[in-house]
Amino acid sequence: MNVYIVTGASRGIGYELMRQLKSRGDKVIGIARTNENKDDDILTVNLSQTDHLAEIVSSIVEENISIAKSFTLVNNAGTVEPIGLVGTIDETMLSEALAVNLTAPMILTNTFISALENFEGEKKVVNISSGAGRNPYEGWGVYCTTKAGLDHFSRVVSLEQENAKYPVSIISIAPGIIDTSMQATIRASNADDFPLHNRFVDYKQQGQLSSAEETARKLIIVMDRDDVSKIGPVADIRQISE
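Residues numbered from 1 in each chain as written. Predicted model: local features only at pLDDT ≥ 70, side-chain atom pairs only at ≥ 80, totals over all residues. Heavy atoms only, no water.

A. Local environment of the packing of helix H2 (residues 53-64) against helix H3 (residues 91-115). As a packed pair, H2 and H3 sit with axes 9 Å apart at the nearest point and diverge in direction by 35°. At the point where H2 passes H3, the crossing takes the right-handed sense. In this structure, H2 uses Leu 53, Ala 54, Val 57, Ser 58 and Val 61 to contact H3, whose residues at the interface are Ala 104, Ile 107, Leu 108, Thr 111, Phe 112 and Ala 115. In terms of residue class, the contact of H2 with H3 is made up of nine nonpolar, two polar and no charged. (Axes fitted to C-alpha atoms, helices over the stretch in contact; angles between N-to-C directions. Helix = DSSP H or I, 4+ residues; strand = E, 2+ residues; numbered from the N terminus. Left-handed = near helix turned anticlockwise from the far one by under 90°. Contact = heavy atoms within 4.5 Å. Nonpolar A, V, L, I, M, F, W, Y, C, P; charged D, E, K, R; others polar.)

B. Here's a closer look at the packing of helix H1 (residues 12-23) against helix H7 (residues 212-224). Contact pair H1 / H7: the axes reach a minimum separation of 8 Å and the direction vectors enclose 60°. For the element pair H1 / H7, the angle class is oblique. Crossing handedness for the pair H1 and H7: right-handed. The residues of H7 that touch H1, namely those facing Gly 12, Ile 13, Glu 16, Leu 17, Arg 19, Gln 20 and Leu 21, are Ala 212, Glu 213, Thr 215, Ala 216, Arg 217, Leu 219, Ile 220 and Met 223. Residue composition of the contact of H1 with H7, by class: eight nonpolar, three polar and four charged. (Parallel < 35°, antiparallel > 145°, perpendicular 65-115°, else oblique.)

C. Inspection of the environment of Asp 51 at higher detail. When you line up the elements, Asp 51 lands in the loop between strand S3 (42-44) and H2. Judged by relative accessible area, which is 72%, Asp 51 ranks as exposed. Distance in space between the C-alpha atoms of Asp 51 and Ala 104 is 9.5 Å, their sequence separation being 53 residues. (Buried < 20%, exposed > 50% of the residue type's maximum accessible area, 1.4 Å probe, protein only.)

Shown next, in the form of C-alpha cells:
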C-alpha cells in the first residue's frame with residue numbers, strides 16, 4: 001500500500017490531495033491545524049508548535065511500515081502572513097510563519113528520512129513551494145524567504161541522498177496561482193503593505209487562478225513518476241509535461 005503524509009490537509013490543495021489519493025485506495029494521514037469535517041484520518045496539529053513534530057512522524061511510520069509499499073511526505077501547509085514591508089512586521093507572526101513554512105517541513109523531512117533509513121521501498125518528499133521563493137516581492141519578505149529556504153533545503157537533501165543506501169527522492173515544486181484561502185488573504189490585505197495587491201485582485205476577477213482540485217491532480221501525476229528526483233530538486237508544475 002502507498003502511504004502518504006500530507007500537511008495542511010483540511011483545505012485547499014492539501015484537502016484535494018487527500019481526497020483524490022484516498023479515492024484511488026491509497027492510505028493518507030493528514031496533518032492540519034483544524035479538522036472541521038471530523039475526518040478520522042487527520043491529526044490536529046499546530047505546526048507552529050514544533051516540539052512534538054518528530055514524534056508524530058515517527059509514530060506514523062512505525063504504525064504503517066508493515067503494510068507500506070511506499071511512503072510519501074507532502075509538506076503542503078503554509079501561511080502567506082504576515083504581509084507587510086520589512087520594518088512594519090509583527091515579530092510574533094514572523095516567528096510563527098518561519099515555524100510553519102520552514103522549520104516544520106525541515107523537522108518533518110529530517111524525521112521522515114531518519115525513520116525510514118532502512119526501508120527499501122520507494123520514499124519521496126514533496127515540498128510545496130512558490131514562485132515567491134525564486135522572485136522577490138515587496139510586502140512578502142517573510143513568505144519569500146521561507147519558500148526560498150524550503151527550495152534550498154530541498155537541494156541539500158537531494159545532494160545528500162545521492163549517497164544514501166536507500167535514497168529518498170525530493171522535489172520542491174511551485175504549484176502556480178491557486179484559488180484557495182491564501183489567495184483570499186492576499187486580496188484582503190492592505191495595498192500599502194503589499195504593493196502588488198491589485199495584480200492579485202485581477203487574477204481572481206479575470207479567472208486566472210487554477211483550482212485546488214486540478215492542481216492536486218497534476219501534483220499526483222508528478223508524485224507518481226519514477227523520475228521525481230530527476231525533475232527536481234526545484235521545479236514549477238507549469239513547466240512539467242503530463
